[in-house]
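Observations on chain architecture
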2 protein chains.
Amino acid sequence: MDISQQSPAHSLHHLHDPATGLRIPVTRIQLEASPSGEANPPFDVYRTAGPGSDPVHGLAPLREQWIAGRGDTEIYAGRRRELLDDGRSAARRGAASAEWRGAQRPPLRSLDGRTVTQMHYARAGVVTQEMRYVALRESCDVELVRSELAAGRAIIPANINHPESEPMIIGKAFLVKINANIGNSAVTSSIAEEVDKLQWATLWGADTVMDLSTGDDIHTTREWLIRNSPVPIGTVPIYQALEKVNGEADKLTWEIFRDTVIEQCEQGVDYMTIHAGVLLRYVPLTADRVTGIVSRGGSIMAGWCLAHHQENFLYTHFDELCEIFARYDVSFSLGDGLRPGSTADANDAAQFAELDTLAELTKRAWQYDVQVMVEGPGHVPFHLVRENVERQQELCDGAPFYTLGPLVTDIAPGYDHITSAIGATEIARYGTAMLCYVTPKEHLGLPDKDDVKTGVITYKIAAHAADLAKGHPGAHERDDALSKARFEFRWRDQFALSLDPATAQAFHDETLPAEPAKTAHFCSMCGPKFCSMRISADIRAEFGSAANQKLIVAGMDAKSAEFRASGSKVYLPEPVMPVG
Amino acid sequence: MDISQQSPAHSLHHLHDPATGLRIPVTRIQLEASPSGEANPPFDVYRTAGPGSDPVHGLAPLREQWIAGRGDTEIYAGRRRELLDDGRSAARRGAASAEWRGAQRPPLRSLDGRTVTQMHYARAGVVTQEMRYVALRESCDVELVRSELAAGRAIIPANINHPESEPMIIGKAFLVKINANIGNSAVTSSIAEEVDKLQWATLWGADTVMDLSTGDDIHTTREWLIRNSPVPIGTVPIYQALEKVNGEADKLTWEIFRDTVIEQCEQGVDYMTIHAGVLLRYVPLTADRVTGIVSRGGSIMAGWCLAHHQENFLYTHFDELCEIFARYDVSFSLGDGLRPGSTADANDAAQFAELDTLAELTKRAWQYDVQVMVEGPGHVPFHLVRENVERQQELCDGAPFYTLGPLVTDIAPGYDHITSAIGATEIARYGTAMLCYVTPKEHLGLPDKDDVKTGVITYKIAAHAADLAKGHPGAHERDDALSKARFEFRWRDQFALSLDPATAQAFHDETLPAEPAKTAHFCSMCGPKFCSMRISADIRAEFGSAANQKLIVAGMDAKSAEFRASGSKVYLPEPVMPVG
């Protein structure tokens, strides 16, 4: 499979906006003519795959001039990298594997006393290129973008040290977004594999990618990922901080954590999960749960709180984090460390106590003009899903909600992309702005490339189904184009318009592999003798509106003749026989 | 894979009911002890796989004595089988392939003037063995079964000529059921393959199976299926009738259709899809749809109506169908021939006009004490799903709703098991009683065995998620048992309790194949150095209720010691290191 496109009918295309000079990338899908002879214009879809590049050199810095042009940043020396940033084995070896050799830019930060967040600009009434870019991508008015950002109801995760990223927006007024998690772990995988997964995830539609590495070469893996990522990159810095203290949570300190955060700010991480809501007094609320604390970050902080009998240092130092984030435009993703790990524990006292604190922290971050989204569960039975998003939206004054699933049952390990897509559709329908994907390997192992693809496509389904349910303008157009292609037996267009063209075609070809079958007037369920769509065409010709009568029987007959001319053979000896 | 069980930890077990003498089959799952030493009792789950048998001889006739004991049936000669019943090629060859050589029983029908439907008995206040069996399977009071049947809010599809079936009930007061479609088509597959798919589908949890064959050997394939089926078998008789008239819909007559129905009644088909709601005057309502009529049966009848400019003969002869069904206890599955074939066409005038007629026909069938369920869509965007079931329940006075998905978006061919499971969960939550599965091959080709399994498991997820959402008594017990096993690192129990044990274990083994990993205190996402569940156990030991403190740290430590004693090796050189 070519890494740069999903289908031969797809290509990278740019929409030029004369007013701003911006060029917005889309995936253009070429379509065939209808049987009536009517041409079908190319269909453009939102593109997350970026412009493509050699991963050894990294992407071009699309936003570099926009950032510099604002005149509120400075280049500085930055924190000196330490070998421990790449884990203990790097410290032993004296080097990380596969050091980054591509573009090296010294870090930027805001000038002293300046704030460089998109929220800050929006509140000041400044419309940035990032906002214009997003408005064009979303086909909406730029004032909607600015006002949602200013109100905190949307974020554009866009660290000034990640100029390669193509701006995107997360908020309930916009298309529902999806995140894919990648990253190595102590038990497996290499830097090259992770870069490959990044490109693969964005090819299939990941809007952001989180690097959850916990193994060796954490710093260097992240460098490779950010330099090659057209989408925002998120991390959970406590994972790296824990590596720096030999995996012993009680050895963690605010200073080690802060330095890790700054290290990641300088690299260009766009948003960071911060488990500042796991308060000491909430920990006992989890004691009688079926599955206790299942969030890794949540249990690290709970472990720390218990070991020290002190309040969570992420909470006590939260204002300092805000000050740091404001200088790089890093967005908070306020972690739900006490999220339920089973449907039995959903919507309980521990979960909702933490949410109260996340709401408090949301408003605290907004005082610094720092962008915020709030993370949500997890495992929730279907009828309790809606309460999660409605409560979060109310308590957090509409700050974007970012949820993991939720899984609506616990009994299907191996299929948790499905159990969670069901909950994800429901929670997105009621206002969740971004969905974190779940792969078939959830609870069982680390996702490989196939799992990443399955997870991304499953979540594109959930996000799109929610867009349709919300009546998002234009969301139905792709459905309608595909349905029209289906009705007109334009098999190749059905494949090209689908979320996974190669799989759709492979499934079709298993039953009807011959090339004439792609123009055949029947599908494998009915066989060639009887065609329900043919009858529908007859009805349309007799009763349809003038517009629809253009799809006349004559057109179907012409297509039929073409099929007969090609030999009429798929598998059976009979030619197509019209019915009725 | 052994066809008789999903996992080595599973076995066929019978629950004996002393009051009735009935033996109810369940799948018994053996569980290991908790780390604390506490035993976990075996977990029994609802079983659809039947007792198992040699498919050449068929299953034992479980219900034969129950039926005979009621004294209201007679053995008769039955309709003489014709070669055309098996299609034109059988007529040419002089025989069908693979004639059925197992148990041959002459057909039964009711004595003249008698009605032998479960609804009839229920309304008369008679509690049948079938009702008792169902009440034990569902762990509910038999009076609930009887009263729901009497009111038409539930059905037990149980043709007196299918005594091999294990009674099951379809109604919103009971567990949500799923149907799997199988059957050959003009383009592919053999009788043996279809029998194999039947056994495979019921192994994974199909509650009923529809034989949608449209190719050769239709009659003989159905005989093999019914004689081997522990679950009710449904059909769409118009498919076979169409084969008898050479695939030309306009040649269909009431007489040919009626004879086909009787042929199938005598074989033991338990429910039949009848597209009697496709009225002549509704056909023009589909003319301006994006995808016209997509139901095969619906378009056959629409084609017939247009060709003859007459009313649908299934509608005009509906009373005669009721009289026939009452003599065999065949249930109606009133087909939605005008269901939408794309989200664009959902909930439109054609669909809802037909539903009005299906409501009328439901009440007409009830006058004959004939059991009825009503079929529903199809393709419906998520926010319009609920209206479908609420409208059907209101118009049809609570008659069970049986829906195909619905798919909540059209853009993911190859993944329509997922697009439809999302809609299926929503529609079942609001009262749909049975869900017809959709496989990954939907719209693209015929499902193979893997697709059947994927479709069944995906729909078990949807049905179970809906049971949880409805608060169905006991539905959460399997989730809780699996979650407890997960929390206690009983990996083998997690696999055994899951819907697909082999897949769950295979996914786990990809990352951590060694046997010690199955007792290891970590999962692959965290690695061996840090364990969030360990921290939870510490919290429980310190703050938990007395009951929960039984799961003490000492128990975890014992497990840990066992792991170390086994060599402590999974992949890494480090032993498990407790944290915090």
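Look up: the structure comes first, before these words.
Let us look at the structure shown here. (Residues numbered from 1 in each chain as written. Chains lettered and ligands numbered in written order. Predicted model: local features only at pLDDT ≥ 70, side-chain atom pairs only at ≥ 80, totals over all residues. Heavy atoms only, no water.)

1. Notes on the pairing of strand E13 (residues 372-376) of chain B
Residues and elements named next belong to chain B. Along E13, 5 of the 5 residues are buried, which leaves the element largely enclosed by surrounding structure. Of the two faces of E13, both are covered, the one formed by Val372, Val374 and Gly376 as well as the one formed by Met373 and Glu375. Where strand E12 (residues 331-334) and E13 come together, 3 bridges link them in parallel fashion. Counted as the bridge partner of Leu334 is Val374 from E13. Each parallel crossover has a hand, and the one from E12 via helix H13 (residues 349-367) to E13 is right-handed. Of the strand pairs in this sheet, E13 and strand E14 (residues 401-404) are connected by 3 bridges, and their pairing is parallel. Across the sheet, Gly376 pairs through a bridge with Thr403, a residue of E14. For the segment spanning E13, helix H14 (residues 382-395) and E14, crossover handedness is right-handed. (Buried < 20%, exposed > 50% of the residue type's maximum accessible area, 1.4 Å probe, protein only. Helix = DSSP H or I, 4+ residues; strand = E, 2+ residues; numbered from the N terminus. Pairing = 2+ DSSP bridges. Right-handed = clockwise from strand over helix to strand, strands pointing away.)

2. A short note on the sheet that holds strand E1 (residues 10-16) of chain A
Residue and element names in this part refer to chain A. With antiparallel pairing, 3 strands are arranged side by side in an open sheet as E1-E2-E3. With partners counted over all chains shown, the strands left at the sheet margins are E1 and strand E3 (43-46), one partner each. Between one strand axis and the next, the sheet turns through 45 degrees on average, direction left out of account. Here strand E2 (residues 23-29) runs beside E3; their pairing, made up of 4 bridges, is antiparallel. What sits directly across from Val26, in E3, is Tyr46. Strands E2 and E3 of the sheet are contacted by helix H4 (residues 129-138), whose axis makes an angle of about 20 degrees with E2. (Axes fitted to C-alpha atoms, helices over the stretch in contact; angles between N-to-C directions. Contact = heavy atoms within 4.5 Å.)

3. Considering the packing of helix H14 (residues 385-395) of chain A against helix H15 (residues 416-429) of chain A
Residue and element names in this part refer to chain A. Taken N-terminus to C-terminus, the directions of H14 and H15 make an angle of 40 degrees; their axes are 8 Å apart at the nearest point. Taken together, the axes of H14 and H15 are oblique relative to one another. Where H14 crosses over H15, the two elements pack in a sense that is right-handed. In this structure, H14 contributes Val385, Arg386, Asn388 and Val389 to the contact, and H15 contributes Gly423, Glu426 and Ile427. Grouping the amino acids of the contact of H14 with H15 by side-chain chemistry returns 3 nonpolar, 2 polar and 2 charged. (Parallel < 35°, antiparallel > 145°, perpendicular 65-115°, else oblique. Left-handed = near helix turned anticlockwise from the far one by under 90°. Nonpolar A, V, L, I, M, F, W, Y, C, P; charged D, E, K, R; others polar.)

4. Brief notes about the interface of chain A and chain B
Every contact between the two is made by 115 residues of chain A and, on the other side, 113 residues of chain B. Taken together, both faces of the contact between chain A and chain B bury some 9,600 Å²; the carbon and sulfur share is 65%. Remark: the boundary between chain A and chain B carries 4 salt bridges. A salt bridge links Glu510(A) to Lys441(B); the shortest N-O distance between them is 2.6 Å. Applying the counting rule to chain A against chain B returns 16 residue pairs in polar contact (both at pLDDT 80 or more). Listing elements by their share of the side of chain A that touches chain B, those giving two or more residues are helix H8 (237-244), helix H10 (296-308), H15, helix H16 (449-469), helix H17 (476-487), helix H18 (491-497), helix H19 (501-511) and helix H20 (532-543) of chain A. Among the elements that make up the side of chain A that touches chain B, the one with the highest residue count is H15(A) (9 residues). Classifying every residue of the side of chain A that touches chain B gives 53 nonpolar, 38 polar and 24 charged. (Buried area = accessible area lost by both parts, 1.4 Å probe. Salt bridge = Lys/Arg side-chain N within 4 Å of Asp/Glu carboxyl O. Polar contact = N/O pair within 3.5 Å; in protein donor to acceptor, adjacent residues only side chain to side chain.)

5. Concerning the pattern of salt bridges
Close approach of charged atoms allows side chains of opposite charge to pair. Across all of its chains, the model carries 78 salt bridges over all chains by this definition. A salt bridge links Lys197(B) to Glu194(B), with the shortest nitrogen-to-oxygen separation between them at 3.4 Å. Of this pair, Lys197(B) and Glu194(B) both sit in helix H6 (residues 191-204), separated by 3 residues, roughly a single helical turn. Looking at Lys197(B), the relative accessible area reads 8%, which means it is buried. When the shortest N-O distance is used, the salt bridge between Lys251(B) and Glu248(B) registers 3.3 Å. When its relative accessible area of 45% is taken as the criterion, Lys251(B) is described as partly exposed. Overall, the relative accessible area of 24% leaves Glu248(B) in the partly exposed class. The network of salt bridges with common partners includes Arg79(A), Glu82(A), Asp85(A), Arg222(A), Lys244(A) and Glu263(A).

6. A look at the sheet that holds strand E1 (residues 10-16) of chain B
All names here are of chain B. If you walk across this open sheet you meet the 3 strands as E1-E2-E3, and the pairing is antiparallel. With one partner strand each, in any of the chains shown, E1 and strand E3 (43-46) form the two edges of the open sheet. The mean inter-strand angle of the sheet, taken between neighbouring strand axes irrespective of direction, is 45 degrees. Strands in contact with helix H4 (residues 129-138) are strand E2 (23-29) and E3; relative to E2, the strand with the most contacts, it is inclined by about 20 degrees.

7. Section: the pairing of strand E12 (residues 331-334) of chain A
Residues and elements named next belong to chain A. Where burial is concerned, the two faces of E12 agree: the one with Ser331 and Ser333 and the one with Phe332 and Leu334 are both buried. Bridge count for strand E11 (residues 271-274) against E12 is 4 bridges, and the pairing is parallel. Looking across to E12, one finds that Ile274 is bridged to Leu334.

8. A look at the nonpolar core
Ranked by size, the top nonpolar core spans 244 residues in total, and within it Phe325(A), Phe332(A) and Phe332(B) carry the most contacts. When neighbours within four sequence positions are excluded, Phe325(A) is seen to be in contact with Thr117(A), Val261(A), Cys265(A), Met272(A), Ile274(A), Val330(A), Ser331(A), Phe332(A) and Val370(A). (Core = buried A, V, L, I, M, F, W, Y, C linked by side-chain atoms within 4.5 Å.)

9. With respect to the relation of the copies chain A and chain B
Of the transformation placing chain A onto chain B, the axial shift is 0.0 Å and the rotation is 180 degrees, giving an RMSD of 0.0 Å. What the superposition gives is, in effect, a two-fold axis relating one chain to the other. For chain A, the residue whose C-alpha comes nearest the rotation axis is Ile422(A), separated from it by 2.4 Å. Both copies present the same face, since 98% of the interface residues in chain A are matched by interface residues at the equivalent positions in chain B. (Least-squares fit on C-alpha atoms with pLDDT ≥ 70 in both.)

10. Topic: unusual backbone geometry
In this model, Pro377(A) is joined to Gly378(A) through a cis peptide bond whose omega is -5 degrees. You can see Gly378(A) is positioned in the loop between strand E13 (372-376) and H14. Phi is positive for Asp329(A), which is not a glycine, with a value near 55 degrees. For Asp329(A), the position within the fold is in the loop between helix H12 (318-328) and E12. For His309(B), which is not a glycine, the phi torsion comes out positive at approximately 45 degrees.

11. Quick word on H4(A)
Residues and elements named next belong to chain A. Burial within H4 is extensive, with 7 of its 10 residues counted as buried. Among the residues of H4, those classed as buried are Glu130, Met131, Tyr133, Val134, Ala135, Arg137 and Glu138. Against E2, E3, helix H1 (64-69), helix H3 (118-123), helix H5 (142-151) and strand E8 (177-182) lie the buried residues of H4. Positive backbone phi, at 55 degrees, marks Ser139, one or two positions downstream of H4.

12. Focus on the state of the cysteines
All names here are of chain A. For the coordinates displayed, the defined rule picks out 0 disulfides over all chains. A disulfide-free cysteine, Cys322 has its sulfur positioned 12 Å from the sulfur of Cys265, the nearest such atom. A relative accessible area of 0% places Cys322 in the buried class. (Disulfide = S-S within 2.5 Å.)

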